[in-house]
Amino acid sequence: MKQYQVKSKTITKDEELNDIETYDPVGSIHADIQPMSGKAQAEQYGVRIAYMMVAYTMDRVEEEQLIEIAGDDYKVIRIADWGSHKVLDLEKVIE
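Residues numbered from 1 in each chain as written. Predicted model: local features only at pLDDT ≥ 70, side-chain atom pairs only at ≥ 80, totals over all residues. Heavy atoms only, no water.

## Quick word on the side chain of K7
- When you line up the elements, K7 lands in strand 1 (residues 2-13).
- A polar side-chain atom of K7 sits 3.3 Å from a polar atom in the side chain of E68.
- The residues contacting K7, other than those within four sequence positions of it, are Y23, D24, P25, V26, Q65, L66, E68 and D73. (Helix = DSSP H or I, 4+ residues; strand = E, 2+ residues; numbered from the N terminus. Polar contact = N/O pair within 3.5 Å; in protein donor to acceptor, adjacent residues only side chain to side chain. Contact = heavy atoms within 4.5 Å.)

## Some remarks on the pattern of salt bridges
- Here the structure, examined in full by the defined rule, presents nine salt bridges.
- A salt bridge links E68 to K7, with the shortest nitrogen-to-oxygen separation between them at 3.3 Å. Placement of E68 in strand 4 (residues 66-69) and of K7 in strand 1 is noted, with a sequence separation of 61 residues between them.
- For K7, a relative accessible area of 12% translates into the label buried.
- For K9, the salt bridge identified is with E21, shortest N-O distance 3.9 Å. Placement of K9 in strand 1 and of E21 in strand 2 (residues 19-35) is noted, with a sequence separation of 12 residues between them.
- When salt bridges that share partners are traced, they join K7, E68 and D73 into one network. (Salt bridge = Lys/Arg side-chain N within 4 Å of Asp/Glu carboxyl O. Buried < 20%, exposed > 50% of the residue type's maximum accessible area, 1.4 Å probe, protein only.)

## As for unusual backbone geometry
- In this structure, L17 is a non-glycine residue whose phi angle is positive, near 65°.
- Along the polypeptide, L17 turns up in the loop between strand 1 and strand 2.
- For E64, which is not glycine, the phi torsion reads 80° and is therefore positive.
- By the secondary structure assignment, E64 is in the loop between strand 3 (52-57) and strand 4.
- Judged by relative accessible area, E64 falls into the partly exposed class, the value being 37%.

As structure tokens, then:
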């Protein structure tokens, strides 16, 4: 397992009262992260699977948080809690 930085969303307002979303580091997790693959995931996510990872961790993570992997940010879009560990579906943030 490797250590990865976790970021949480903060919403502020600009001078015209528009919402501004920023993500700030809030800690780290230890996880085993691999590219997403498999027939079930391909059926569920379609072509998006090319930009997705799956992470296995025992640490606390919330949906909508970002995990930084090799300089790229991935959003936690689904968490399956298996008791002894969690399985996270991650989607690359493309700006």
